[in-house]
Amino acid sequence: MKKRVFITGSSIICALGNHKETSVEKIKQINNENYPHYLKENFEKINFYRIKKFFTTQEEKFYWVLKNSILDAINDAKLTEQEAKELHVFLGSTSMSISIKEEEFGESNKISSLGYGEIGNFIEELIASNYPSTIIQTACTSSANALTQAAELIKYNKIKRALIVGFEFFNHTTYRGFQSLLLLSPTGTYKPFDKNSDGLILGEGCSSLILDSEKKETSDFELLSSHTCFDNFSVTSSNPNGELTLFCMEKALDKANLSLKNLTCIKAHATGSENSNLSEVTAINSLFKKYNQKTDVVILKPYIGHTLGACGTNEIVLLCESIKHNFLPKTINFKEKYDSVDFTPLLESKMLKKATILFQFIGFGGSITSLILSNES
Amino acid sequence: MYIQSMFSYIKERQSTSQYKQLLKPLCALNLRRTSKFNLMAIYGAINTLNRLSYGKELSIYIASEYGCVEDLFEVLRQIKEEESILMPFDFLNVNTNNTGFFIAQALDTNGNNINVSSENFSFEKAFELAYFNFQTQNKNEILIGAVDESVEEIPNHNSIINNLENATSKDGSSWLYINNKKENSIAKVKSFNFFTNLKELNQYLKEIAYGKIGLNQYARKYQSELEIDKDLILKNEDNFYGTYSASDIIDLLNQQNKLSIYISLDSKKRAYLFWFEESDTL
């Protein structure tokens, strides 16, 4: 018999704040008028959404953030020490610990380890886990895929409980890589799904989720379904026709036995880059047209930036926690929709206590992941 | 779950251009800017499926302990020179997220692909996900690869990898193509299990039959604690690379034993056990 899968604990450390309560409170406060001030507070020498805490080294930052995010999530789920040992660890990131390797190499022309196994080791030792970690790299869908893989194992009773960690830290390789791809916004303001969007802005963040087969609180979100597709159009861009993105969303709905009318909203990936925007709005518009039904579209990247492989768990935590605090967050800094579509993202926050959300993530290398979470009965 | 095809290419360090030459007759893709890691992966995948028919929705699992090494160091050198320009493909190659994309293009498939890593257990973890998905997700066929570059030219490389026996670190690309058809298969995967400690492993070993045993480097280190017949242990070939357990398994299956097992341990004595049955005996 298949088990159900719930998120029973979570945490996030990102540009909004070092705790999820702080982050959700900040989302409530940000609006179009004070958004430029919020960005100014965040951006230092470059346009990048930073975690606001001072660290002496990249290594110190990396492990402090990871440790605190994980322990916060474990506390949130009210796990005992024994239950924490039984967690199966799944990690998702694009750049892993490249920030540490850059720092080491910059100082000594050497690095202290190859690969990223040491990250898994650190976490296993932190929680005294009995199980070796699974590290997943599928670009921007990394932590979303880590979540879906772990959830399937719980569903089929292969494991009881899992810790999912999505993490992304500033590093020059990624920043300059996106610069060389001409994907960064020169104006430094996020304009999600806006006709005049001029690119994306990167951010750093770390979030942790505890998945369990039993819910702890009535407001816990359940993973109803997920689906992953592969788009072979291009390494760095999606097929402009959006067909596979549409297909992926439809499969997730199908697997959950839901239709569009059952959704409270779609959480769009909405990176801000032209190709990605156009492909995704086309897919969402096609979904609405095909079923003659619309739902709200929520976009979170203006709040924390594009956190690449960590955006899965980061955006899941932020949106689920917003719902638990009785609101669906508005989209910031949107002015003009594309001519070819009939919808705009949610522009005013909505009061609600429960929701069923389709989360959409799209990555370099063609990975597309759709998953549906709900805390409605 | 039947292993239909296996391929392993293990050599002392070769250059990117050597792999491009190897791929020229096999692959029409423009691979001019791609990394050595990707070239090794594509070469292994293509050779594994050579002359086989497979579905377009083939799922691909790529395991790696070290990731993309030579390009990583090249990028670190560029980053250190603040004024240097980082080229797009240099950045893309370092994150290994594009490996599955290029393999899928080379094989003309559109199934999902995923990169998996774990300290000492990268291949085992990739196999674990593939094994589970095969059983539960109606996946009829999977391709699992284990790819790692030689780190022999990195100064003091043994201080940054786990190389217990000071073996020569080689380039390696080892692959298994698995489907649900017994016909023409090499071996059946009878079971694949994880054990949190040696006591659990030893208990299970008492319950199964096997004629030949393969061990990873940690299993050889802790051999005295394994309750196995030492005379059945297969001597490992000189094939050390990051995800060498995949090539060890291929060597084991090439021995053509009715039943064989491969034991992977890590430094904490946690264990994965592969149990195979030769197809001719099924």
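If you're wondering where the values come from, they're calculated on a predicted model, not measured in any experiment.

Caption draft 1: Seen up close, the overall build of chain B. A tally of regular secondary structure across chain B gives nine helices and nine strands. Computed over its C-alpha atoms, the radius of gyration of chain B comes to 19 Å, within 12% of the 19 Å expected for a compact globule of 282 residues. Once the C-alpha set of chain B is aligned to its principal axes, its extents read approximately 60 × 45 × 30 Å. In the form shown here, chain B has an accessible surface area of approximately 11200 Å², with 42% of it arising from carbon and sulfur atoms. Distance between charge centres in chain B, computed from 29 positive and 36 negative side chains, equals 3 Å.

Caption draft 2: Structural detail: helix α9 (residues 243-255) of chain A. All names here are of chain A. Relative to the 18 Å expected for 13 residues at 1.5 Å per residue, α9 spans 18 Å between its end C-alpha atoms, a close match to the ideal helical length. For α9, the set of buried residues is T245, L246, C248, M249, E250, A252 and L253. Looking at the buried side of α9, the elements it contacts are β6 (221-230), β7 (265-267), α10 (274-291), β11 (356-362) and β12 (367-374). Backbone geometry just downstream of α9 places N257 in the positive-phi region, at approximately 55 degrees.

Caption draft 3: Spatial organisation of the nonpolar core. One finds L66(A), L114(A), F167(A), L211(A), I316(A), F123(B) and F127(B) to be the most contacted residues of the largest nonpolar core, which totals 183 residues. With sequence-adjacent residues up to four places away left out, F167(A) is seen in contact with F62(A), L66(A), L91(A), G92(A), S93(A), M96(A), I119(A), G205(A), C206(A) and A310(A).

Caption draft 4: Quick peek at the environment of R51(B). All names here are of chain B. Summarising the element assignment, R51 is placed in the loop between α2 (36-48) and β2 (59-63). What makes R51 exposed here is its relative accessible area of 80%. In the structure, R51 is positioned 51 residues away from F102 in sequence and 19 Å away in space, judged by C-alpha atoms.

Caption draft 5: The arrangement of helix α7 (residues 198-205) of chain B in detail. Residues and elements named next belong to chain B. When α7 is considered as a whole, its buried residues turn out to be L198, L201, N202, Y204 and L205. Relative to the axis of α7, the buried residues are bounded by an arc of 160 degrees and lie together on one face. Next to the buried residues of α7 lie β6 (187-195), β8 (259-265) and β9 (271-278). Its side-chain oxygen 3.1 Å from the backbone nitrogen of K199, N197 forms the N-cap of α7.

Caption draft 6: The state of the cysteines, seen in detail. Within the structure shown, the criterion is met by zero disulfides over all chains. Considering cysteine sulfurs only, C248(A) is the nearest to C229(A), which forms no disulfide, with 3.6 Å between them. This cysteine, C27(B), is not joined by any disulfide, and C68(B) carries the nearest cysteine sulfur, 17 Å off.

Caption draft 7: Expanded view of the confidence of the model for chain B. Per-residue pLDDT for chain B averages 95, and the proportion of residues at 70 or more is 99%. The ipTM, which scores confidence in the relative placement of chains, is 0.97 for this predicted complex, and the corresponding pTM is 0.97.

Caption draft 8: Local environment of the side chain of E250(A). Residues and elements named next belong to chain A. Here E250 lies in helix α9. Polar side-chain contacts of E250 include one of 2.4 Å to the side chain of Y291. Here E250 is in contact with L287, K290 and Y291, once residues within four sequence places are set aside.

Caption draft 9: Fine view of the interface of chain B and chain A. Across the boundary between the two partners, chain B contributes 58 residues, which contact 54 residues of chain A. In this assembly, chain B packs against chain A so that about 4600 Å² is buried in total across both faces, 62% of it on carbon and sulfur atoms. Of all residues in chain B, the largest losses of buried area upon contact with chain A belong to F91(B), F101(B) and F132(B), amounting jointly to 14% of the total for that side. Between K268(B) and E124(A) there is a salt bridge, with its nearest N and O atoms 3.1 Å apart. In this structure, the connection of chain B to chain A is made through 22 residue pairs in polar contact (both at pLDDT 80 or more). For the side of chain B that touches chain A, the elements supplying multiple residues, two or more each, are α3 (69-80), α4 (88-94), α5 (99-107), β3 (113-117) and α6 (122-136) of chain B. It is α3(B) that provides the largest number of residues to the side of chain B that touches chain A, a total of nine residues. Class assignment for the residues of the side of chain B that touches chain A results in 28 nonpolar, 21 polar and nine charged. Alignment of strand β3 (residues 134-137) of chain A against β3(B), held across three bridges, turns out to be antiparallel. Considered in β3(B), the bridge of I136(A) is made with V116(B).

What counts as what
Residues numbered from 1 in each chain as written. Chains lettered and ligands numbered in written order. Predicted model: local features only at pLDDT ≥ 70, side-chain atom pairs only at ≥ 80, totals over all residues. Heavy atoms only, no water. Helix = DSSP H or I, 4+ residues; strand = E, 2+ residues; numbered from the N terminus. Rg over C-alpha atoms; globule rule 2.2 N^0.38 Å. Areas by Shrake-Rupley, 256 points an atom, 1.4 Å probe, with all protein chains shown as cover. Lys, Arg positive; Asp, Glu negative; His and termini not counted. Charge placed at Lys NZ, Arg CZ, Asp CG, Glu CD. Expected span 1.5 Å × (residues − 1). Buried < 20%, exposed > 50% of the residue type's maximum accessible area, 1.4 Å probe, protein only. Contact = heavy atoms within 4.5 Å. Core = buried A, V, L, I, M, F, W, Y, C linked by side-chain atoms within 4.5 Å. Arc of directions from axis to C-beta. Polar contact = N/O pair within 3.5 Å; in protein donor to acceptor, adjacent residues only side chain to side chain. Disulfide = S-S within 2.5 Å. pLDDT = per-residue confidence, 0-100. Buried area = accessible area lost by both parts, 1.4 Å probe. Salt bridge = Lys/Arg side-chain N within 4 Å of Asp/Glu carboxyl O. Nonpolar A, V, L, I, M, F, W, Y, C, P; charged D, E, K, R; others polar. Pairing = 2+ DSSP bridges.

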